[in-house]
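So the chains spell out like this:
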Amino acid sequence: MKRHIEQLHKISKKKTRQIIGLMSGTSLDGLDVAWCQFSGSGSGTKVELRGFETVPFDENFKNEIRRVFAKREIEFQHLVLLNVVVAEKHAAIIMDCLKKWNISPAEIDLVASHGQTVFHAPKILHGLENYPNATLQIGDGDHLAVRLGIPVLSDFRQKHLAFGGEGAPLALYGDYFLFSKRGENRVLLNIGGIANFTFLPADGDPEKAIATDTGPGNTLLDLAAQQYFGVPFDENSLLARAGRVDERLLDILKSDPFFKKPFPKTTGPELFGKKYLENAIAQLPKGQPNPHDLMATLSQFTADTIADAIEKFFNKIAPNQSANLPIPQSTNIYISGGGAHNPLILEILQSRFPKTKISKMEKLGIPGDAKEAVLFAVLGNETIAGNEKSGQRLGGLPIFSMGKISLPG
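Predicted, not measured: the structure shown is a model, and the values here were computed from it. (Residues numbered from 1 in each chain as written. Predicted model: local features only at pLDDT ≥ 70, side-chain atom pairs only at ≥ 80, totals over all residues. Heavy atoms only, no water.)

Trainee: Sorry if this is basic, but what is going on with unusual backbone geometry here?
Mentor: Outside of glycine, negative phi angles account for most residues, and trans bonds account for most peptide bonds. In the segment running from A168 into P169, the intervening peptide bond is cis, with an omega of -15°. For P169, the position within the fold is in the loop between helix 6 (157-162) and helix 7 (171-179). Note the cis peptide between F263 and P264, where omega equals -10°. Mapped onto the secondary structure, P264 falls in the loop between helix 10 (247-253) and helix 11 (274-282). Although it is not a glycine, L28 adopts a positive phi angle of roughly 60°. (Helix = DSSP H or I, 4+ residues; strand = E, 2+ residues; numbered from the N terminus.)

Trainee: Can you walk me through the packing of helix 2 (residues 59-66) against helix 3 (residues 76-101) in this structure?
Mentor: For any two helices packed against each other, one specifies the inter-axial angle together with the distance between the axes. Contact pair helix 2 / helix 3: the axes reach a minimum separation of 10 Å and the direction vectors enclose 145°. You can see that helix 2 and helix 3 cross each other, and the crossing is left-handed. Contact residues: F61, E64 and I65 in helix 2; H78, L82, V85, V86 and K89 in helix 3. Here the contact of helix 2 with helix 3 is composed, by residue class, of five nonpolar, one polar and two charged. (Axes fitted to C-alpha atoms, helices over the stretch in contact; angles between N-to-C directions. Left-handed = near helix turned anticlockwise from the far one by under 90°. Contact = heavy atoms within 4.5 Å. Nonpolar A, V, L, I, M, F, W, Y, C, P; charged D, E, K, R; others polar.)

Trainee: I'm lost on the nonpolar core in this one. Help?
Mentor: Nonpolar side chains tend to gather and get buried jointly when the protein is soluble and globular. Grouped together as the largest cluster of nonpolar side chains are 48 residues, with contacts concentrated most on L298, F301, I310 and L349. Of all the elements, helix 12 (residues 291-317) adds the most residues to this core, at eleven residues. In contact with L349, other than residues within four places in its own chain, are L189, I191, A303, I306, A307, I335 and I358. Counting residues in each nonpolar core, the second largest holds 41 residues, with F38, M361, F376 and L394 among its members. (Core = buried A, V, L, I, M, F, W, Y, C linked by side-chain atoms within 4.5 Å. Buried < 20%, exposed > 50% of the residue type's maximum accessible area, 1.4 Å probe, protein only.)

Trainee: Before we go on, may I ask you to explain the state of the cysteines in this structure?
Mentor: Linking two cysteines covalently via their sulfur atoms produces the bond known as a disulfide. Within the structure shown, the criterion is met by zero disulfides. Take C36: it sits in no disulfide, and the sulfur closest to it among the cysteines is that of C97, at 12 Å. (Disulfide = S-S within 2.5 Å.)

Trainee: So what exactly am I meant to see when it comes to the side chain of R17 here?
Mentor: The topology assignment puts R17 in strand 1 (residues 17-24). Despite being buried, R17 has no salt bridge partner; D109 is the closest side chain of opposite charge, sitting 6.7 Å away. Here the side chain of R17 touches N381 through a polar contact of 2.7 Å, side chain to side chain. In this view, R17 contacts I11, S12, C36, Q37, F38, S39, G40, D109, N381 and A385; residues no more than four positions away in its chain are not counted. (Lys, Arg positive; Asp, Glu negative; His and termini not counted. Salt bridge = Lys/Arg side-chain N within 4 Å of Asp/Glu carboxyl O. Polar contact = N/O pair within 3.5 Å; in protein donor to acceptor, adjacent residues only side chain to side chain.)

Trainee: What is the right way to look at helix 5 (residues 141-148) in this model?
Mentor: It helps to recall that an α-helix has 3.6 residues per turn; residues three or four apart then point in one direction. Burial in helix 5 covers these residues: G141, L144, A145 and L148. Seen along its axis, helix 5 keeps its buried residues to an arc of 95°; they face one direction. Close packing links the buried residues of helix 5 with strand 1, helix 3, strand 4 (110-121), strand 6 (152-154) and strand 14 (404-406). Where helix 5 begins, one side-chain oxygen reaches toward the backbone nitrogen of D142, 3.0 Å away; that side chain belongs to D140. At the exit of helix 5 stands G149, carrying a positive phi of roughly 70°. (Arc of directions from axis to C-beta.)

Trainee: Looking at this model, I keep getting lost on the packing of aromatic side chains. Mind explaining?
Mentor: Aromatic rings considered in pairs are described by the distance between their centres and by the relative angle of their planes. Within the structure shown, the criterion is met by 19 aromatic pairs. Plain terms: the ring middles of F57 and F61 are 4.8 Å apart, the flat faces sit at 65° to each other, and that makes the pair edge-to-face. Owing to a relative accessible area of 5%, F57 belongs among the buried residues under this scheme. Classification of F61 by relative accessible area gives buried; the value is 7%. Taking 5.4 Å as the distance between ring centres and 85° as the angle between the ring planes, the aromatic pair formed by F199 and F314 counts as edge-to-face. Of the two residues, F199 is situated in strand 8 (residues 194-200) and F314 in helix 12; the sequence distance between them amounts to 115 residues. (Phe/Tyr/Trp six-rings, centres within 6.5 Å; stacked < 30°, edge-to-face > 60°.)

Trainee: Help me understand the pattern of salt bridges, please; the structure alone is not making it clear to me.
Mentor: Tallied over the entire structure, the rule returns 19 salt bridges. The salt bridge partner of K2 is E6, with a shortest N-O separation of 3.9 Å. One end of the pair is K2 and the other is E6, both in helix 1 (residues 2-13) and four residues apart, which spans about a single turn. Note on K2: relative accessible area 63%, which makes it exposed. For E6, a relative accessible area of 40% corresponds to the partly exposed category. For D203, the salt bridge is made with K208, and the minimal N-O distance between the two is 2.5 Å. K208 sits in the partly exposed class, given a relative accessible area of 44%. Connected through salt bridges with shared partners, the residues K254, D304, D308, E311 and R352 form a single ionic network.

Trainee: What should I look at first to understand the packing of helix 12 against helix 13 (residues 343-352) in this one?
Mentor: Closest axis-to-axis distance for the helix 12/helix 13 pair is 9 Å, and the angle between their directions is 35°. For helix 12 against helix 13, the interelement crossing comes out right-handed. Counting all contacts with helix 12, which are made through S299, Q300, T302, A303, D304, I306, A307, D308 and E311, the residues of helix 13 involved are L344, I345, I348, L349 and R352. Here the contact of helix 12 with helix 13 is composed, by residue class, of seven nonpolar, three polar and four charged.

Spelled out as structure tokens, the structure:
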């Protein structure tokens, strides 16, 4: 045991650290694997992305996860078994990536694993008075560490909960340390299954920085594409462009109380899933909409709720903004996630913010598809090597280390 603790101490003192960040999101597309080289920590963090792969999951594996994903009633034994199965799957993928990159596990200092979310239950969703915020990710860190022979940090979201957060989004730490820039308000928008944004203030004040979910990203769009067209997603928005927005359905979709809740807030497919869409459609006087119209409406729904949230946020912090300039002129938006590849959503967002520059995350030096995996690597680096002063706060919560340490032996 002592030699492993000494190993972690040595890693913390290294000039550069090799850390692999892992991310598997609510879309269940696959595992993002980011090989990162770090120097420094906190606001002095420097990262070089040395390798990145998104390894798709096969349909059998996706279906195994879907048996427990975002469901209140499940076969509990299956969840217990999947905790190991997911870890072993992730370990095999990492080993394949290392082989492709021609490096050995011994050259990697640490793996920072998000795991696979199977149920997200902030109080804003479950509404149970005597119960706290909660969330559950599987893919056990001990199994990963033993299979890889590398120390693993995992289960990051529990510390956020313990300090009074909702367990998501966790992007704020990495976003603030890597991407803050004096003189420029930055909105880092990530459109995954759920959409979220991080606000980084131009004055660099960590208390003003915030990360919040906005509502659905790709989750309902992908669900409809799979159900009505038999394809995994709406490539190049071709399905949506063949339809027209159903304004009645759009109003119904936007009517959920979540959209009126204060920032920061978090949500998931537990709310914005199949039942949400079915309930909305059931309220239409004419019944089932044309599938292309449905895709157009869901695209508008995602883009509108993102834009509404950003505008509402800036109206709160800068209430004297001109109606012709919904967010301050010194603000730029940088977009990542699967939704960054949806041209219709991008067009709608640009039309809502015509005088604001919307760019891909690549402009800031990190590919948008890799960003979330890199951010978990940042969290791992911070836990091992961070030296932030006690009492500092970021986005309304103390700065704290996250992740449970699993040793390889």
